[in-house]
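# Inside the fold
Spelled out from the first residue to the last, the chains are:
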Amino acid sequence: MKGLRFVGTGRCVPEKVVTNDDLSRLVDTSDEWIRTRTGIARRHFSQGETAVELCTAAARIALERAGIAPSEIGVCVVATCTPDCASPSNACLVQAALGLPEDIPCFDLAAGCTGFVYGLETVRGLLTVSGKKYALLIGCEQLSRVLDMTDRSTCVLFGDGAGAAVLALEERMWYAWLGSRGNRDVLWLNGPGPETTHLHMDGPGVYRFAVEALPACARTLLAGSGLALEDIRWIVPHQANRRIIETAAKRLNCPIDRFYQNMERYGNTSAASVPIALDEMAEQGLLQPGDRVMAIAFGAGLTWGGALFEW
Ligand code: UT7
């Protein structure tokens with residue numbers, strides 16, 4: 001089976017930090033409510049940085065850590081629902097900024113917060129048919145641009161950022177599963193582009209979906225790969241809400257300390273949340289070669305899915 005190896009990762013978040021207390025000066029909320037209901041303490045909001053700049057900065061770090069030249073990249077995908085403009089894609093603009101080759105596909109992929117996981121399986125397929133070795137996959141969002149800063153039920157949840165990975169197609173363990181349940185009612189965003197209207201969400205509706213989708217996806221990955229939960233060193237879930245992750249852990253009967261969590265520092269960065277988490281984990285030495293990792297996510301679409309791989 002040909003799978004993906006993470007050769008290098010990187011991340012970039014905007015400089016500006018927005019705390020829960022900052023938001024409680026804008027809407028009727030409190031640090032206590034946000035922390036206890038979501039696990040979020042702060043997030044980064046863009047102030048002048050473009051999404052392409054965040055993508056490019058994260059990608060440069062990933063390439064440098066991988067020791068791979070831009071000329072070796074065989075496909076570039078940016079998972080995002082908040083690109084700088086509808087066209088050209090963020091991926092094409094990253095291609096221009098990094099000097100990626102011209103004989104490769106570059107495009108954006110919209111699968112909500114599941115975008116990076118969708119991207120993994122997409123680049124794996126494209127590398128398989130092209131015979132090229134390396135992919136550049138980026139998850140990036142600037143949700144601050146589309147938040148209604150008068151709506152306390154959404155504006156406290158999200159943050160901006162980008163996470164990137166250089167991936168190599170190799171003979172190695174890999175199992176992925178992707179799903180979708182077309183639905184416009186619980187989470188939607190018109191756009192894309194700067195004129196995009198606000199993000200709308202039925203929070204409890206997404207919550208109910210997530211606590212069903214995450215454990216179901218994890219079980220599907222385990223059944224399909226023939227592995228047991230004990231074989232998995234880390235579960236890296238989409239970082240939307242601590243209570244969603246705790247409920248998923250309980251339903252799977254899995255110790256919570258095997259779930260990596262960093263929503264406290266970033267909020268929900270949608271398609272960027274899984275690659276930012278992986279990059280932090282790699283930086284902290286939490287991921288060792290051979291560790292089995294399960295990345296699982298859910299989001300607008302509704303979409304959900306996961307990938308099981310060896311670090
Ligand atoms: O990446 C995928 C995208 N989205 C998600 O993953 C979101 C999934 N959903 C959630 O994380 C949770 O549903 C929320 C965090 C959005 C909301 O938490 P909840 O426990 O489901 O709260 P709720 O929506 O049921 O609201 C409970 C109360 C309401 O007040 P009343 O009607 O009980 O008086 C809300 O108006 O909390 C109120 N509320 C707030 N209070 C203070 C809602 N937002 C806030 C707020 N501060 N920011």
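Worth saying up front: this structure is predicted, and the values here are computed from it rather than measured.

## Observations regarding the state of the cysteines
Counted under the stated rule, the structure contains zero disulfides. You can see cysteine 92 has no disulfide; the closest cysteine sulfur is in cysteine 106, sitting 5.4 Å from it. Take cysteine 217: it sits in no disulfide, and the sulfur closest to it among the cysteines is that of cysteine 254, at 14 Å. Judged by its relative accessible area of 1%, cysteine 217 is buried.

## Examining the pattern of salt bridges
All chains considered together, the criterion is met by 17 salt bridges. In this structure, the salt-bridge partner of glutamate 283 is arginine 65, at a minimum N-O distance of 3.2 Å. Here glutamate 283 is found in helix H10 (residues 273-283), whereas its partner arginine 65 is found in helix H3 (residues 51-66), with 218 residues between them in sequence. Residue classification places glutamate 283 among the partly exposed positions, given a relative accessible area of 47%. In this structure, aspartate 84 engages arginine 145 in a salt bridge whose closest nitrogen and oxygen atoms are separated by 3.8 Å. Here aspartate 84 is found in the loop between strand E4 (73-79) and helix H4 (90-98), whereas its partner arginine 145 is found in the loop between strand E6 (134-142) and helix H6 (152-155), with 61 residues between them in sequence. You can call arginine 145 partly exposed: its relative accessible area is 31%. Among the ionic contacts, a cluster of salt bridges with common partners joins Arg5, Lys133, Glu170 and Arg172.

Each value, and the rule that gives it
Residues numbered from 1 in each chain as written. Predicted model: local features only at pLDDT ≥ 70, side-chain atom pairs only at ≥ 80, totals over all residues. Heavy atoms only, no water. Disulfide = S-S within 2.5 Å. Buried < 20%, exposed > 50% of the residue type's maximum accessible area, 1.4 Å probe, protein only. Salt bridge = Lys/Arg side-chain N within 4 Å of Asp/Glu carboxyl O. Helix = DSSP H or I, 4+ residues; strand = E, 2+ residues; numbered from the N terminus.

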